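# Coordinate inspection notes
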Amino acid sequence: MSESLGQPLIVELAEWLSTPAGQYVKQWEQEKINGMVANAFGYHAMQVGLPGWDLLQANRIPYKGRTHSYGDAGCAQPGVALYADPENLPFDGQSIDLLILPHVLECSNSPHQVLREAERVLVPEGRVVISGFNPWSLWGLHERIPGLDPIMPIPAHLQVSLGRLKDWFKLLSFEVDRGHFGCYAPPCETEKWLQRWAFMEPAGDRWWPICGSVYVVSAIKRVACIRLVGPEWKHVKKHVRRRTVVTGRHSGI
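In this text, all values refer to a predicted model and were calculated from it rather than measured experimentally.

## Observations concerning the environment of R127
- On the secondary structure map, R127 appears in strand β7 (residues 122-133).
- Placed 87 residues apart in sequence, R127 and A40 show a C-alpha to C-alpha distance of 7.8 Å.

Here it is as structure tokens:
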């Protein structure tokens, strides 16, 4: 996992989520992800990273779990999380029906490898749900201006844009199912100012949807159908003899 000042980014992110700006993002993501996973079915669902935040609560799959890496172990609730490296998941191939990756790609040194692992462990037609910060938002612009204190725990140059993520999906045979941008308020660190900018949410959805500070996207793992080609059997037509019956009238003698 990527580190900043000797501390893994995933830990900084978990701490940031308790701030007013973090709660603003967390509430929006929870609502959107709940809608994405509510009707996802199967046998096994797994959330990778941020185990103290339950993003599977709206899902009805019977076997659900959360994982943590060495960096965010302290964020896990006792007994609810399994240790796992996102870049080398300890699951069999094609064994997971639903996989949640909350901000995992931007906290990893190898985000493409994380996505390859997701493709490996998902069953055909399995679903992956990913959340991340949008580097092309007002918040992302704020991070790029020299001299300003950063408001986000993830530097802008590490954030994975949705366009880039879609390109990776195509390489791995994922098909985007649905997605959302959100959190259109300007960079604010207090709840008071975030409330004042609340009118930006409906306006942003309508006028500048791609400028939301965060996004969530759902994709389906597609597997090409294999058609078995066998020998072509020759159909022999049976020739049936037709008997012609001639009938006529015979006069009496």
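This is not the end of the story, as more comes after the structure.
## Here we look at the pattern of salt bridges
- In total, this model carries 6 salt bridges according to the counting rule given.
- Ionic pairing is found between R120 and E117, a salt bridge with its closest N-O pair at 3.0 Å. Residue R120 and its partner E117 are both found in helix α3 (residues 111-121); the two are separated by 3 residues, about one turn of the helix.
- A salt bridge links E119 to K221, with the shortest nitrogen-to-oxygen separation between them at 3.9 Å. Of the two residues, E119 is situated in helix α3 and K221 in strand β9 (residues 214-221); the sequence distance between them amounts to 102 residues.
- For K221, a relative accessible area of 4% corresponds to the buried category.
- Among the ionic contacts, a cluster of salt bridges with common partners joins E125, E175 and R222.

## Digging into the packing of aromatic side chains
- Under the definition given, this model contains 5 aromatic pairs.
- Residues W16 and F133 carry aromatic rings whose centres are separated by 5.7 Å and whose planes lie at 75° to one another, so their mutual orientation is edge-to-face. Here the residue W16 occupies a position in helix α1 (residues 9-16), and F133 occupies one in strand β7, the gap between them amounting to 117 residues.
- Since its relative accessible area comes to 0%, F133 is described here as buried.

## Focus: a nonpolar patch on the surface
- A contiguous nonpolar patch, built from L138, L141, I145 and L148 and spanning about 330 Å² of accessible area, is present on the exposed surface.
- By the element assignment, L138 lies in helix α4 (residues 138-144).
- Accessibility expressed as a relative area gives 42% for L138, which makes it partly exposed.

Rules and cut-offs
- Residues numbered from 1 in each chain as written.
- Predicted model: local features only at pLDDT ≥ 70, side-chain atom pairs only at ≥ 80, totals over all residues.
- Heavy atoms only, no water.
- Helix = DSSP H or I, 4+ residues; strand = E, 2+ residues; numbered from the N terminus.
- Salt bridge = Lys/Arg side-chain N within 4 Å of Asp/Glu carboxyl O.
- Buried < 20%, exposed > 50% of the residue type's maximum accessible area, 1.4 Å probe, protein only.
- Phe/Tyr/Trp six-rings, centres within 6.5 Å; stacked < 30°, edge-to-face > 60°.
- Patch = residues over 30% accessible without salt bridge, like charges linked within 9 Å, V, L, I, M, F, W, Y side chains within 5 Å.
- Areas by Shrake-Rupley, 256 points an atom, 1.4 Å probe, with all protein chains shown as cover.

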